[in-house]
Amino acid sequence: MHAIKLKRNQAGLFKKTIMLIAVASLTLTAWAGDFQKDFERANQQYDLGKFNEAEAFYNSIIDAGHFSPELFYNLGNTEFRLNKSGAAILNYERALALSPNNPEARANLIFVRAQTGAKIAPEDWRDRIVASLDVNIYCWAAACSAWIIIFALAIILLKSRPNNLAPWLVAICSVAFLSYAIFAVYHFEQNSSLGIVISKSAEARFAPVDNSTLVAALPEGSRVWVLERRGPWIYCMLPDNSRAWISSDAVERVRLHAS
């Protein structure tokens, strides 16, 4: 009797688990469906030339924590139509942060930058050696390389023929690839502080006060790296590698985090 009762309890628990999974799946599907509907409505408003309405729909999706390259790309196009070039550049940058090989976003970014005269730092050796791939690809590559190293070392330690060089070559190549993947992830994380000037012109000052010495005037769309925040001011590294204070209202970070 006790054994039968236990089996019934287990069966009930299994059914409840399946029901919870089903409810969660349906909820997530409905949630994604709502975002898709809002995205389609925004696209419709854009096609009708109602750019303010389209902007509101796109931003509501972002405020809800739903990000995609297509969303940021379309919002960038909308901001450009509204003569908000800094915001357009910001959203093209966000689209490229999620999809580095997006040719349309890159072409539009270059075009709008040329119009605003945005200042950006010259490409350095780190940008040249790190391929434009999604950071998740490098994370997976690092994990796979680590496992290959472990298996290669296990074969080396357990092998019966000590003169076999194949496991050593595999281990060495995997270590090199792991090092490259870790460097790429670190490089992407360093760029997580990247910000874009969204105001028509941002005044970079020597100290965080309005009457401080002017260091530079940055056109909209210029790139800066946020180092510190102090009240209504942020301390930034400018495109020429100098450092100065800029009003926090004038800059937005490229990287967003879902709430």
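Here's what I pulled together on the structure shown here. Here the residue index of a chain counts from 1 through its sequence in written order. In view of the model being predicted, local features appear only for residues whose pLDDT reaches at least 70, and side-chain atom pairs are presented and counted only at 80 or more, with totals across whole chains, interfaces and linings using the full set of residues. With hydrogens and water stripped out, all remaining heavy atoms of the structure feed into the side-chain values.

1. Concerning helix H4 (residues 85-98)
Since the α-helix advances by 3.6 residues per turn, residues separated by three or four positions end up pointing in the same direction.
Stage number 1. Comment: elements are numbered from the N terminus, with helices defined as DSSP H or I runs of at least four residues and strands as E runs of at least two. Expected span, for any helix, means 1.5 Å times one less than how many residues it has. Counted at 1.5 Å a residue, the expected span for H4 with its 14 residues is 20 Å, and the 20 Å between its end C-alpha atoms agrees.
Stage number 2. Three or more residues of H4 are buried, namely Ser85, Gly86, Ala87, Ala88, Ile89, Leu90, Asn91, Tyr92, Glu93, Arg94, Ala95 and Leu96.
Stage number 3. We call two residues contacting when some pair of their heavy atoms lies within 4.5 Å. Close packing links the buried residues of H4 with helix H3 (69-81), helix H5 (103-116), strand E1 (194-197), strand E4 (223-230) and strand E7 (251-253). Three exposure classes are used, based on accessible area relative to the maximum for each residue type with a 1.4 Å probe and protein chains only: buried under 20%, partly exposed in between, and exposed over 50%.

2. With respect to unusual backbone geometry
Stage number 1. With phi around 60°, Asn83 is a residue other than glycine that occupies positive phi space.
Stage number 2. Structurally, Asn83 is set in the loop between H3 and H4.
Stage number 3. For Asn241, which is not glycine, the phi dihedral falls at a positive 75°.
Stage number 4. Mapped onto the elements, Asn241 comes out in the loop between strand E5 (233-237) and strand E6 (243-247).

3. What to know about the environment of Ala143
Stage number 1. Assignment of secondary structure puts Ala143 in helix H7 (residues 135-158).
Stage number 2. Residue classification places Ala143 among the partly exposed residues on the basis of a relative accessible area of 34%.

4. Examining the packing of H3 against H5
Stage number 1. Throughout, an axis means a line fitted to C-alpha atoms (over the contacting stretch in the case of helices), and angles, computed between N-to-C directions, take values from 0 to 180 degrees. Interaxial distance between H3 and H5 falls to 11 Å at its minimum, and their mutual angle equals 25°. Judged by the inter-axis angle, H3 sits roughly parallel to H5. When you trace H3 past H5, the crossing you get is left-handed. From H3, Tyr73, Asn77 and Phe80 reach across to H5, where they touch Glu104, Ala105, Asn108, Phe111, Val112 and Gln115. An angle below 35 degrees is read as roughly parallel, one above 145 as roughly antiparallel, one from 65 to 115 as roughly perpendicular, and any other as oblique. In this scheme the handedness of a crossing depends on how the near helix is turned from the far one: anticlockwise by less than a right angle means left-handed, clockwise means right-handed.

5. Structural notes on the packing of helix H2 (residues 51-63) against H3
Stage number 1. The N-to-C vectors of H2 and H3 enclose an angle of 145°; their axes lie 10 Å apart at closest approach. Crossing angle aside, the handedness with which H2 passes H3 is left-handed. Every residue of H3 that contacts H2 at Phe51, Ala54, Glu55, Tyr58, Asn59, Ile61 and Ile62 is listed here: Leu71, Phe72, Asn74, Leu75, Thr78, Glu79 and Arg81.
Stage number 2. Each residue belonging to the contact of H2 with H3 can be placed in one class, and the counts come to eight nonpolar, three polar and three charged. Ten residues, namely Ala, Val, Leu, Ile, Met, Phe, Trp, Tyr, Cys and Pro, are considered nonpolar, four, namely Asp, Glu, Lys and Arg, are considered charged, and the remaining ones, Gly among them, are considered polar.

6. A look at the packing of aromatic side chains
Both the distance between ring centres and the angle between the ring planes are used here to describe each pair of aromatic rings.
Stage number 1. Stacked, edge-to-face and tilted labels apply to pairs of Phe, Tyr and Trp rings (six-membered ring for Trp) whose centres lie within 6.5 Å, assigned for plane angles under 30 degrees, over 60, and everything in between, in that order. All told, the structure shown has eight aromatic pairs when counted by the stated rule.
Stage number 2. Judged by centre distance (5.8 Å) and plane angle (35°), the rings of Phe67 and Phe72 are tilted.
Stage number 3. Considering the side-chain rings of Tyr235 and Trp245, the 4.9 Å spacing of their centres and the 35° angle between planes classify their relative orientation as tilted. Here Tyr235 is found in strand E5, whereas its partner Trp245 is found in strand E6, with 10 residues between them in sequence.
Stage number 4. Residue classification places Tyr235 among the partly exposed positions, given a relative accessible area of 24%.

7. Some words on H5
Stage number 1. The terminal C-alpha atoms of H5 lie 20 Å apart, and with 14 residues this matches the ideal 20 Å at 1.5 Å per residue to within 8%.
Stage number 2. Those residues of H5 not exposed but buried are Ala105, Leu109, Val112, Arg113 and Thr116. Down the axis of H5, the buried side of the element spans an arc of 105°, and every buried residue falls inside it. Across H5 from its buried face, at more than 90 degrees, point the exposed residues Pro103, Ile110 and Ala114.
Stage number 3. Where H5 is buried, its residues touch H3, H4, strand E3 (214-219) and E4.
Stage number 4. Among the residues of H5, the N-terminal cap falls to Asn102, whose side-chain oxygen and the backbone nitrogen of Glu104 are separated by 3.2 Å.
Stage number 5. Backbone geometry just after H5 places Gly117 at a positive phi near 75°. By construction, the arc corresponds to the directions joining the helix axis to the C-beta atoms. The term polar contact refers here to a pair of N or O atoms within 3.5 Å; inside protein, the definition further demands a hydrogen-donor-capable atom paired with an acceptor-capable atom, and it admits residues adjacent in sequence only when both atoms are side-chain atoms.

8. Let's talk about a nonpolar patch on the surface
Stage number 1. On the surface, Leu165, Trp168, Leu169 and Ile172 cluster together into a nonpolar patch covering about 450 Å² of accessible area.
Stage number 2. Looking at the secondary structure, you find Leu165 in the loop between H7 and helix H8 (166-190).
Stage number 3. When its relative accessible area of 57% is taken as the criterion, Leu165 is described as exposed. Think of a patch as exposed residues, more than 30% relative accessible area, with no salt bridge, where like charges cluster within 9 Å and nonpolar side chains (Val, Leu, Ile, Met, Phe, Trp, Tyr) cluster within 5 Å. Using the Shrake-Rupley algorithm and a 1.4 Å probe, accessible areas are obtained, with residue cover drawn only from the displayed protein chains. A pair is scored as a salt bridge if a Lys or Arg side-chain nitrogen falls within 4 Å of a carboxyl oxygen belonging to Asp or Glu.

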